[in-house]
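# Coordinate inspection notes
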Amino acid sequence: MPDYAFIGKSMPRVDSRAKVTGDALFTADLTFPRMLTGKILRSIHPHARILNIDVSDALRLPGVKAVVTGHDTLGKKWGVFRYTQDQQFLPTDKVRFIGEEVAAVAAIDEDTAQEALGRIRVEYEILDPVFDPMEAIAPGAPLLHDDFPQNINIHVPIHVGNVEEGFAKSYYVRDDTFTAAEDSYFHGEPYAVVARFDMDDNLEIWMPNAGPHMKAKPLSTALGIPLNKVRVRKITIGGAFGGRSEISPGDFICALLARKTGRPVKIVYTREENSIATRQGHALITTIKTGVDRDGLVIARDITCYMDGGAYSSTGPIATSVPFLCMEQAYKMEHVRYDGYRIYTNKTPRGMIRIHGRAFAGGVDIQLDMIAEHLGIDPVDIRMINAREAGEYTNTKSYVASCAMKETITKAADRAGWKEKWGKLPPMHGIGIGCNSVQTGFPMGIRGGSQALIKLNEDGGATVISGVVDNGQGNDNMLVQIAAEELGIRPEDVQLVTADSEVTPSDPGAYSQVSTFIGGQAVKNAAENVRKLLFETASELLKADAADLVARDRMIFAKGCPEAGIPLPKVIRRILSRGKSVSGKGDYWPKVDSKREWVSNPFGQMCGAFSFGTTIAEVEVDPETGQVRVLEVTAAQDVGFAVNPLVLEGQFQGGIAMGGQGGMLTECHTWDGGFVLNPTQLEYKVPLACDMPKINTILVESDDPDGPYGAKEAGMSIAMCAAQAYAAAISNAIGVYMTDFPITPDKILRAIAKKKDEAGTTE
Amino acid sequence: MNRLPLEITINGEPHSPAVEPNRTLLELLRDDLHLTGAKEGCGEGVCGSCTVLMDGNPVRSCLTLALEADGSHITTVEGLAQGSELDPLQQSFIDHGAVQCGFCTSGMLMTAKGLLLRDPHAGTGEIKRALSGHICRCTGYTKITEAVEAEVTRSKKER
Amino acid sequence: MRLPAFAYELPRDLDEALELLKTYGPECKILAGGTDLLVRMKQGLTKPAHLISLKALPELATIQESGGLLRIGAAVRLADILTYQPILDRQPGLYEAVTAIGAPSIQHFRGTIGGNLCQDNRCQFYDQSNYFRGARQTCNKAGGKTCFAWEGGSDRCHSICQSDAAPVMIAMDAQVLVQSKRGVRNLPLAELYSGVGERPLTLSDDEMLIEIQVPDSGSGTGTAFAKLAYRSAIDYAVVSAGALVRVEDNRIVQANLVIGAVSRAPLKISGVDEILKSRPVGDQQVLDEAGKVAMNTAGAFIANNVAQPKDYRMQMVSVMAKRALKRALERALSGSRTMEEK
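Residues numbered from 1 in each chain as written. Chains lettered and ligands numbered in written order. Predicted model: local features only at pLDDT ≥ 70, side-chain atom pairs only at ≥ 80, totals over all residues.

## Quick notes on the sheet that holds strand β23 (residues 583-588) of chain A
Residues and elements named next belong to chain A.
- With respect to topology, 4 strands assemble into an open sheet ordered β19-β18-β17-β23, the strand pairing being mixed. The open sheet is flanked by β19 (494-498) and β23, the only strands paired with a single partner. Averaged over all pairs of adjacent strands, the angle between strand axes in this sheet comes to 20°, irrespective of strand direction.
- Pairing of strand β18 (residues 462-466) with β19, which is carried by 5 bridges, proceeds in the parallel orientation. The residue bridging Val464 from the neighbouring strand is Leu496, located in β19.
- Contacts from helix α15 (residues 515-542) reach β17 (450-456), β18 and β23 within the one sheet, and its direction differs from that of β23 by about 145°. (Pairing = 2+ DSSP bridges. Helix = DSSP H or I, 4+ residues; strand = E, 2+ residues; numbered from the N terminus. Axes fitted to C-alpha atoms, helices over the stretch in contact; angles between N-to-C directions. Contact = placed C-beta atoms within 7 Å.)

This is how it looks when you write it as structure tokens:
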């Protein structure tokens, strides 16, 4: 292992200090002179035609400066993809879910804005709603969008090989259905937007986001202004988890109000609005048919997945594909057929979420356990038999260059004491395993690459300009670590200018944990280019070969002679004195198949690298109450290379809380027709400190050939397979395979009772 | 509504604003005094992001009327550091990786601070119980607990 | 979230407070810790024109013992109950109940025992924002004519009393002092609750809770509180149970069981006393029978007012009843009244 100064070291994050002092500014913390408060009027019907909106009474209220409706827009429909353009940010024709934006107000204070909302009169023609996805695709169901017959928003068909042939030659075939209600993001920070137009009519806008460049383009289109007049600014962000990736109607509305009033406008969502009017996770019905040979190797798998997409597409094609893709990356299959359907219903739109399709993921692994039981083999062994290996291709033809899946399985099993425990635990005490894989990024066309610019000051400090955004996961720190390492300076010498769509070059955004692999790589390349420049001059001054030089701790020296080095500022000044600037750029575009498309051509290289994770959970179930006490969780992930172990441990722990403890035990939205009954953290049960188990984290490094320092995605594999491990452990504890998630105590008791009944009848 | 007089000390500084009865302590801090460290994460006392210390005890500032804090000493996250010198608890959060997105951080710090003021030898169980009134979506709570435990250990050594 | 406008009253003594109550009656509310009231005001569930603060009435926040009674002022903070040595020493059931309320950083330093006992009833259809409720029919509790929580609708309100302190305190035969300009009333805590969801307390508009009196249990008495919740803190109970068991000469001479979180008022389960008194102390089945009685009693009341399914909650009534009774019995037999080492 190279002798790195900062890479691979556990170091505190550079953004932590401002957060512990309260200095870090989130969107709702911003104030500007003459700023107005904006508020949004939302639909009270799940499905209705808008006949008329009368805002005259609202405009008459003193203190109200502007009111906007669909009539203030260009009326265009927008979509993440060209073939999913189904949403107007302020609708002119219909509302399609309770909570949808209908109008908005900017006023001198919140009370006035709220009162103004109450004075807006909307005339609706109520239409029949549909809430159940299976009802929505049945004949005669109310149609949400004219262009999408049967309410089928997306159909992803991935057919490889011949599954019927595969089943025919399988030793054992089984067919199971798994379901899950929707989960939800529950970011710490409720959504907020601040927008203002400057003296040159440029839009400056702040909001929590997972990619400022992804927000800027649709804003430019919707507002009819060129991209270089839209500046999405850097801001501290309180979590994204996949739900803040694409433009939100709130962004557009705030900009519209700012333009109309000529003043800065701030809109802050309530917790309820964050839950019902941004994004939720998909509810899923997944049917999985799997055929295996005598040893448990999967020969064929046939999966149909119905995803409850809510009222608009959002990132539909991605969300409909990712659960399948994660599985095909993790596990080998000779033949596979996947039909994923994303269905419109009159509910909040659903997006990509860190725990992609818990019914799908949980289902695949629970079924492997069922198969293992039938064959009389250990769940760990059946994972090992089917585990992905490096050098293989996935069914959709992605080459997997680095893979330590098996190592994550054996290390996790070892640490968790699997051999001593499996099959030997007392009743109501169980252990379970889950495995998954996450793609490090996906094809994003013209936005698939990242570029970084670095300039050095004459005193040796550096400024790194990069489009990478930090949602709280530590991306800013990652860039500093890389820049400091490659430039031979210290982290405190590095200033960041990031995530600003005016200043920073395009970057794909923080999706699928791609920031290190692509954004970090671009910074690494830029820093290497700057270093090359420095070494050219330093080699002259030191009379040494550039290839023998080392930059470290603000000095440049020949290898082995650190005491005979030159201070960096001296080299910089020498270059400047020769009339040359000391700066550099670098970019990175992952080697993906640009022809790969989610729906029309889901084949080809998906991304540059894949991560692999295994989680093992040990639980105890109270047979009287059905409550689950999680004793210990062990998570092992192949992260390629751990750039900052301290940060990665935190990601694993957070992933287990979200995917396992919350995702599998307590988290789901409950509904009354189109109404969310639990929009706040009181009734939507995100786990608390005392609920969390002991967690062991294991970092496995497969050293990816393309990742910076060998690094790839870190954390999301664990979030996903933690859900699977919890489901498996509970199933093991009670001796019943659970197929409906989350696994709440009432479901556990019902399963235990049913098992007792069935045992009674067979006696 | 008429404004009523209020005498309140915030981070050691006396203030005498005139406030409307329905002004919450959180609004006073964030909107009137621009101390934005305390956050509104839910507005109904559940998430803990608005927590400040009132006479040394953690309270939900979103559910406390400013007038109810009349005569009190309020400590917000901005009042933990002494000038540029961080409170050891803040430093511990940084050093232990207890801060990810940072939205819950100020609330966590204030409750932890309140706990340690009452019980400098608080054990893991008490720490977790104290922190259980706070919702964090990022960290899974492990490193936050470790950061507080480490501060208990460090301050024990100091004595 | 903004609070609506109101006038803030700061009475300097109890008489002033009672005078304000008399003057403003239904247009005012008592502000103790505010952790329940202020949430309701933000949601638009209640819009009192006046709030009467208890901030300047320290006389309502004292705990004393006199004449075999523990006298707890209605405005005593939950944190102060948890550090009051005699309660730690002799009232484990009360200690368990107060510990279970919400979370330390939410209620314990601002919330009061009176506030917890007098909190408004809850229902998943009612405890929602203005926006949510404005998009639907108005329910009985909100002044309308329907109940979403009762299958087939209902002309009465099926909300729940979610006080964690009430079940065990009622099991302990607590009394309350209620005062107005008209005088003081002394009544069993159980009678503070009307059983009417729309108006859960029997207090008149000009009355306020002053004090709760808990009889000193004496040796041979055990109390316990069991709460079922999905998370370790913050949550309201899915089901709860408060129990008191008194033993003399190795026989059970009294058994009180009160089930919380299932009905419009804390639910006293009659019949438990007879069952437990009629059997020897070691009989294990007696607890099962008591649980069944509790479950059957609760069954008539359980509604769709929380997310957890009704049949599950029914079963849990039995489980929590048994756990509370068992623990109370163990404490009665051991003669130890302190909290056991965990």
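We are not done yet, so read on.
## Considering the interface of chain A and chain B
- Contact with chain A, which involves 44 residues of that partner, is made by 41 residues of chain B.
- Elements with a minimum of two residues in the side of chain A that touches chain B: α1 (16-21) and α17 (645-662) of chain A.
- At 9 residues, α17(A) tops the list of elements feeding residues into the side of chain A that touches chain B.

## Here we look at the interface of chain A and chain C
- Tallying the contact residues gives 23 residues for chain A and 21 residues for chain C.
- At the level of elements, α3 (110-118) and α19 (745-762) of chain A are the ones that each hand at least two residues to the side of chain A that touches chain C.
- Partitioned by chemical class, the residues of the side of chain A that touches chain C number 9 nonpolar, 5 polar and 9 charged. (Nonpolar A, V, L, I, M, F, W, Y, C, P; charged D, E, K, R; others polar.)

## Some thoughts on the domain arrangement of chain A
All names here are of chain A.
- Along its sequence, chain A is organised into domain 1 (31-127 + 190-238 + 245-276), domain 2 (356-443 + 601-762) and domain 3 (449-588).
- The partner domain 3 presents 17 residues to the 19 residues of domain 2 that form the contact.
- At the level of elements, β16 (429-439) and α17 are the ones that each hand at least two residues to the side of domain 2 that touches domain 3.
- For the side of domain 2 that touches domain 3, the per-class residue count stands at 9 nonpolar, 8 polar and 2 charged. (Domains from an automatic or database assignment.)

## Looking at helix α2 (residues 88-95) of chain B
- Extensive coverage of α2(B) is indicated by the burial of 6 of its 8 residues.
- Of the positions making up α2(B), those classed as buried are Leu89(B), Gln90(B), Gln91(B), Ser92(B), Phe93(B) and Ile94(B).
- Its buried side turned inward, α2(B) meets α1 of chain A together with α3 (105-118) and α5 (142-158) of chain B. (Buried ≥ 20, exposed ≤ 12 C-beta atoms within 10 Å, placed from the backbone.)

## A word on the pairing of strand β9 (residues 192-197) of chain A
Residue and element names in this part refer to chain A.
- Burial analysis of β9 places 6 of its 6 residues in the buried class, which makes it a mostly covered element.
- Alternating residues of β9 divide into Ala192, Val194 and Arg196 and Val193, Ala195 and Phe197, and every residue in both groups is buried.
- Inspection of the sheet shows β9 paired to strand β12 (residues 265-268) by 4 bridges, in the antiparallel sense. Opposite Ala195, over in β12, you have Val265 as the bridge partner.
- Following β9, the chain reverses through 5 residues before pairing antiparallel with strand β10 (residues 203-206); Asp201 in that reversal takes a positive phi of roughly 70°.

## Quick notes on helix α1 (residues 14-24) of chain C
Residue and element names in this part refer to chain C.
- For α1, the full list of buried residues reads Ala17, Leu18, Leu20 and Leu21. Looking down the long axis of α1, one finds its buried residues gathered within 155° of arc, a one-sided arrangement.
- At the C-terminal side of α1, Gly25 shows a positive phi close to 45°. (Arc of directions from axis to C-beta.)

## Concerning the pairing of strand β6 (residues 175-180) of chain C
Residues and elements named next belong to chain C.
- Here β6 pairs with strand β7 (residues 183-188) via 6 bridges, running antiparallel. Looking at β7, one finds that Leu177 is bridged to Asn186.
- From the end of β6 to the start of β7, which pair antiparallel, there are 2 residues.
- In this structure, β6 lies alongside strand β8 (residues 208-215), joined through 5 bridges in antiparallel fashion. Bridge pairing in β8 links Val176 to Ile212.

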